[in-house]
Amino acid sequence: MFFSRSEIYFATIFQTSLFISLFTIYFIFRKKIRCGFKNFHYGIFMGLLLAFFSIITELAGFRVELAYEIVKPLKYVDIFVICSFVAVSEELFFRAFILEEMRKAGTAVALIFSSILFAFFHISYHSFTETAGAFLMGVLLGELYIKKGVFPATVAHFISNTISMTFMKIAM
């Protein structure tokens, strides 16, 4: 299975548009969300940590073939752009929208539910490793969101995805 650059961009823009539209509707009915701009260094640290674990998983032989097929036609600038859109849209949707709304049921319940939903959205890779990794990443990013705000979680997500995808591109 081979994906063209235009198909990958279309999927990314569609997902981003959908998630940001839902988040905008959410903001119309909600007051505000903690951004946490001053805490970006926590996002850098968490992003590097997540990327490290992702690379170790790849080196241990848990290679997700579909992810490599997605990365194959991309240029490095494409990786940067796609990771930017994905990090912003997924953090706004899964953490600032889903997790925040679910906190009425309890923080632990909200964290687990939003992480399961995050993993479910990554199940398309048809890999248990990828889905379990997405769940754990969801828990860690959710915890970072709860403690520090949406901006550090977005920075962590962006750094992790960018380093992981760049590693896959180099490893080809």
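In the block above lies the structure referred to throughout.
The sections below set out a description of the structure shown in this document. Position numbers for residues start from 1 in each chain and track the written sequence from start to end. Since the coordinates come from a predicted model, pLDDT governs what is reported: local features require at least 70, and pairs of side-chain atoms require 80 or more to be given and counted, while whole-chain, interface and lining totals use all residues. Side-chain numbers here rest on the full set of heavy atoms in the structure, without hydrogens or water.

### Section: the environment of F121
For step 1, the next point in the chain: Within the secondary structure, F121 is located in helix α5 (residues 107-121).
For step 2, the next point in the chain: Buried means the residue's accessible area, taken with a 1.4 Å probe over protein chains only, is under 20% of the maximum for its type, while exposed means over 50%, and partly exposed covers the values in between. Overall, the relative accessible area of 39% leaves F121 in the partly exposed class.
For step 3, the next point in the chain: As a C-alpha pair, F121 and E90 span 31 residues in sequence and 10.0 Å in three-dimensional space.
For step 4, the next point in the chain: With residues up to four places along the chain from it excluded, the contact list for F121 reads F19 and F94. A helix here means a DSSP run of H or I that spans at least four residues, while a strand means a run of E at least two residues long, and both kinds are numbered starting from the N terminus. Note on contacts: a residue pair qualifies if any of its non-hydrogen atoms lie within 4.5 Å across the two residues.

### Some thoughts on the nonpolar core
For step 1, the next point in the chain: Buried Ala, Val, Leu, Ile, Met, Phe, Trp, Tyr and Cys residues that are joined via side-chain atoms within 4.5 Å together make up what is termed a nonpolar core. Membership of the largest hydrophobic core comes to 24 residues, with the highest contact counts inside it found for F93, A96, L99 and Y145.
For step 2, the next point in the chain: Those elements that place two or more of their residues in this core are α1 (5-29), α2 (40-59), α4 (76-102), α5, α6 (128-148) and α7 (150-171).
For step 3, the next point in the chain: When residues in this core are grouped by element, the largest group, 7 residues, is from α4.
For step 4, the next point in the chain: F93 has contacts with F19, L22 and I98, leaving out every residue within four places of it along the chain.
For step 5, the next point in the chain: Grouped together as the second largest cluster of nonpolar side chains are 12 residues, I8, A67, Y68 and I79 included.

### A few points about the packing of α4 against α5
For step 1, the next point in the chain: For the pair α4 and α5, interaxial distance at closest approach is 8 Å and the crossing angle is 145 degrees. Crossing of α4 against α5: the hand is right-handed. Together, E90, F94, R95, I98, L99 and M102 of α4 and V109, A110, L111, F113, S114, L117, F118 and F121 of α5 make up the contact between the two elements.
For step 2, the next point in the chain: In terms of residue class, the contact of α4 with α5 is made up of 11 nonpolar, 1 polar and 2 charged. Interaxial angles span 0 to 180 degrees and are taken between N-to-C directions of axes, which are lines fitted to C-alpha atoms, for helices over the stretch in contact. Handedness of a crossing is defined here by the sense of rotation of the near helix relative to the far one, left-handed for an anticlockwise turn of less than a right angle and right-handed for a clockwise turn. In this count, Pro and Cys sit with the nonpolar residues alongside Ala, Val, Leu, Ile, Met, Phe, Trp and Tyr, while Asp, Glu, Lys and Arg are called charged and the others, Gly among them, polar.

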